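If you want the building blocks of each chain, they are given just below.
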Amino acid sequence: MTTTLPRTLEAWVEEQTELLQPDGIVWVDGSRAQLNGLLRAMVDSGQLTQLNPEHRPYSFLARSDPDDVARVESRTFVCSKNEADAGPTNNWREPTELKAEMTELFRGAMRGRTLYVVPFSMGPVGGPLSRIGVQLTDSPYVVASMSIMTRVGDDVLSRIAAGDSWVPALHSVGAPLEPGQQDVAWPSNPTKYIAHFPESREIWSFGSAYGGNAILAKKSFALRIASVMARDEGWLAEHMLLIRVTDPGGRRFHIAAAFPSACGKTNFAMLRSTIPGWTVETLGDDITWIARGDDGRLRAINPEAGFFGVAPGTGPATNPTAVDTIWGNTIFTNVALREDGDVWWEGLTDTAPKGLTDWQGRPWNPAAGPAAHPNARFTVPASQCPSIAPDWDDPAGVPLDAILFGGRRASNVPLVAQARDWQHGVFLGATIASERTAAAEGTVGELRRDPFAMLPFCGYNMADYFGHWLELGESLGAEAPAIFQVNWFRKGSDGSFLWPGFGENGRVLTWIIQRITGEIGAADTPVGLVPTPNTIDHLAAGVSARDWEALFDLDVNSLLDEADDTERFLDGFGERLPAEVRAQLADLRRRLETRLGVEAASLQRAVA
Ligand code: OXD
Ligand code: MN
C-alpha cells in the first residue's frame, strides 16, 4: 500500500517555495566544499563557535534556545486518516485539518532565510535495504547535522531521477526575518509541531531546530515513517543499536539491541569487552533496519552515517571509544566551553576545569545548575569511531543472530534471560519498562512502559506493531534470531547497583553467544532461561556470590503484581492487541503460580 506522491521533486520544491517564501534556494550537493562554506558562514554570523583546532580540529559548538533542547513528544503527532490507526500511544490529529493549520504556519515562514534542499539516503545510496528522502529546511545547523548523520547530495538525486520513491520532509524553524531584523543564533518558535502523515509518507516539522525534532531523517523518517513502510513491506525499522561480536576462534555474531532512550545504547554499541579474545565492533548506536535476505535469514543495516550522542556522562570510564571518536569533525550542542577553546561536560573528567562558559553562554556558576545541558549532544561521523566495523556501510548489511531487549529495572528483571521462543521474545519486547526515578515526573518506582523502546517512535498502532513482529517470526521459523532480555540496572537491598556494567557487559554477551551456538545449557525459570552456575565468571567482574544470586532473584509475588500492571497496560490497546500477547501473559502467570506453589510446598516441608 505504498503511496508515492504524484509529483516530481522539482514541482514539490517549487510549490513549497511559493508557500515558504525564502530569500534563496540552495541544493545541497554533498560536497565538502559546500559544507565548509556553510559552516564558515555560520561561524561568521555567530550561529556556531569554532573550537580551538589545536584541541578539537574542525569542530563547532552550537547553543540552542533554552526552550528548544529536546524532543517534544507532546507536540509530535501521527496523523493517520483514522485515529485508531495511530493507536493509544501516539498523539493524533486529523491529517487534513492539521495540514491546513500547519500550511498557515509555513506560509512565509522562511522569509529572510535560505531554503536548503537536502536529498538524503538512509543506508548506502542505492542499497537494497536503503530508502531515500528529501528534507527542505531553513536551518543551516540542520543541514550540517544531516550531512553527518546521513548520506546527502547529488548521488541521491540520481536515484530520484532513476525513479526511486522518496519521502518529502518539510522543516522550518518558524522564525521569518523581516528586512533589517537581526537574526538570533538559534531561531525557533514557541509553537511546535512534528507531524507525520503515514499514509502519504510525509513529514512536516515546524518551530524547533533540536536534532530529534528537526533532523527529520532520524526519528521521523528512519523510525516513524519507516516503521509504517516496514509494516507494509514485511521488514522492521527499530530503535536498536547493532554490533558484531567476534569470539576467540574468529566466529562472528551480529546482535541488535533495543533499550529506551538514555539507557546506555551508545555505550553498549562501543563496548570494550573485558574478556580476553572477545571483541565487539560497532555497526550502529540508535537505529537498525532489518529485512529478510535471499537465504531466508534476517539481515540488518544501520541506516545512519553518524552518531547523535548524549555528551554528559560520556567519559574515559564510561565510554572511552566515544571519547576517542569525537577528536574532531564534530558539532557539539549545548556543552560547556573551556577557556582554551575546547569543550567540557559533566562526566568528561572528574573535576570541572576553571573558567567554563556554560551551555547558555554565561560564565558557569555551579550553584545555578550543570555546565552542560543534561541533553547536550555530539554529532560525529560514524566512520571516526575506532571500534567501527570496517564493513559497517556494506549495503547488504549483516546476518542477525540475536535481538536484545533491555530497560532500567531496579528489581524483578534478571541480568539476562533468554526468551523461550520468538513469541515469548515478542512479549518481552512488548513489556519493556523502566522504573521512574525521582528526577522524572510521576511516582517513584512506578513502571514507565516503553514497548520495544519504540513508544515515542512507532508510526502506527503499537498493537498492530506487536502483530507485525509475531507474523515475521512465524514466517522466519527456525531462521528466527534468538531473543534475550538484559538489565544492567538491578539494585540490591542497599540501593546500590549489583552489576558493574560497561565493559563487564561483555561477559553477558559471551553467555548469549554461547547460548546461540548451543555450547552451554541454561536454567528454566518462569521469566526465561538464565545462566547455570559457572557459565558467567561473575567473580572476575567483582560481583560476589550473594550479589550474583540477587541479580537473578525471583520475587514471585512482586512478579505477579507486575503481571497485573502489564495486563492494565496491555488493556489500553483494546481489541487490536494480538491474542498471542495475552496468551504469553497468561503463560507467565501460570509459570509464576506454579513456582509459588512449589515454594509454598517446600516451606511446608521445611516446617514439618
Ligand atoms: C535519541 C533518543 O536521541 O532516543 O536517540 O531520544
Ligand atoms: Mn534513540
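Residues numbered from 1 in each chain as written. Chains lettered and ligands numbered in written order. Predicted model: local features only at pLDDT ≥ 70, side-chain atom pairs only at ≥ 80, totals over all residues. Heavy atoms only, no water.

Some remarks on the environment of G112
Its location among the elements puts G112 in the loop between α4 (95-106) and β5 (114-122). We classify G112 as partly exposed; its relative accessible area is 32%. Sequence-distant contacts of G112, defined by excluding residues within four places in its chain, comprise D23 and L177. (Helix = DSSP H or I, 4+ residues; strand = E, 2+ residues; numbered from the N terminus. Buried < 20%, exposed > 50% of the residue type's maximum accessible area, 1.4 Å probe, protein only. Contact = heavy atoms within 4.5 Å.)

Digging into the sheet that holds strand β21 (residues 377-381)
Read from one edge of the open sheet, 5 strands run β2-β3-β18-β21-β17, paired in mixed fashion. Sheet topology places β2 (49-50) and β17 (306-310) at the edges, where each strand pairs with a single neighbour. (Pairing = 2+ DSSP bridges.)

A look at the nonpolar core
General note: in soluble globular proteins, nonpolar side chains tend to be found buried as a group. Of all hydrophobic cores here, the largest spans 124 residues; its most connected members are W289 and W469. Looking at which element gives the most residues to this core, the answer is helix α8 (residues 217-233), with 9 residues. Residues A482, I536, A541 and W548 belong to the second largest nonpolar core, which totals 39 residues. (Core = buried A, V, L, I, M, F, W, Y, C linked by side-chain atoms within 4.5 Å.)

Remarks on the pattern of salt bridges
One pass over the full model with this rule turns up 37 salt bridges. We note a salt bridge from E562 to R409, for which the minimum N-O separation is 2.7 Å. In this pair, E562 sits in helix α15 (residues 556-571) while R409 sits in the loop between β23 (402-406) and β24 (416-418), placing the two residues 153 residues apart along the sequence. Accessibility expressed as a relative area gives 15% for E562, which makes it buried. Sharing partners across several salt bridges, the network here consists of K218, K219, K265, D286 and E304. (Salt bridge = Lys/Arg side-chain N within 4 Å of Asp/Glu carboxyl O.)

Brief notes about the site of ligand 1
Taken together, the residues surrounding ligand 1 are R71, K219, H239, S261, D286, R377 and F457. Here H239 contributes a side-chain N or O atom positioned 3.2 Å from an oxygen atom of ligand 1. R377 is positioned with one of its side-chain polar atoms (N or O) 3.1 Å from an oxygen atom of ligand 1. Starting from 210 Å² of accessible surface for ligand 1 in isolation, the protein chains cover 89%. A class-by-class count of the residues in the shell around ligand 1 yields 1 nonpolar, 2 polar and 4 charged. (Near = heavy atom within 4 Å. Polar contact = N/O pair within 3.5 Å; in protein donor to acceptor, adjacent residues only side chain to side chain. Areas by Shrake-Rupley, 256 points an atom, 1.4 Å probe, with all protein chains shown as cover. Nonpolar A, V, L, I, M, F, W, Y, C, P; charged D, E, K, R; others polar.)

Topic: the coordination of the manganese ion (ligand 2)
At the metal site, the manganese ion (ligand 2) is ligated by K219 (NZ), H239 (NE2) and D286 (OD), and these contacts range over 2.2 Å. Mapped onto the sequence, the residues coordinating the manganese ion (ligand 2) show the spacing K-x19-H-x46-D. Residue H239 is found in the loop between β11 (236-238) and β12 (241-246), and its partner D286 is found in the loop between β14 (279-284) and β15 (288-292); the two are separated by 47 residues along the sequence. Overall, the relative accessible area of 9% leaves D286 in the buried class. (Donors = N, O, S within 2.8 Å, 3.2 Å for Na, K, Ca; no water.)

Topic: the domain arrangement of the protein
Interface size is often expressed as the accessible area that is lost when the parts come together. The domain boundaries assigned to the protein delineate domain 1 (7-47 + 72-234), domain 2 (238-303 + 392-554) and domain 3 (306-384). Placing a centre on the C-alpha atoms of domain 1 and another on those of domain 3 gives a separation of 27 Å. With 10 residues of domain 1 at the contact, the number on the domain 3 side is 11 residues. Counting each side, the surface lost to burial between domain 1 and domain 3 is near 870 Å², with a carbon and sulfur contribution of 69%. Taken as a group, I148, M149 and Y210 account for 57% of the area that domain 1 buries against domain 3, more than any other trio of residues on that side. Where domain 1 meets domain 3, there are 0 salt bridges. Elements represented by at least two residues in the side of domain 1 that touches domain 3 include exactly α5 (140-149) and α7 (211-214). The element best represented in the side of domain 1 that touches domain 3 is α5, accounting for 5 residues. (Domains from an automatic or database assignment. Buried area = accessible area lost by both parts, 1.4 Å probe.)

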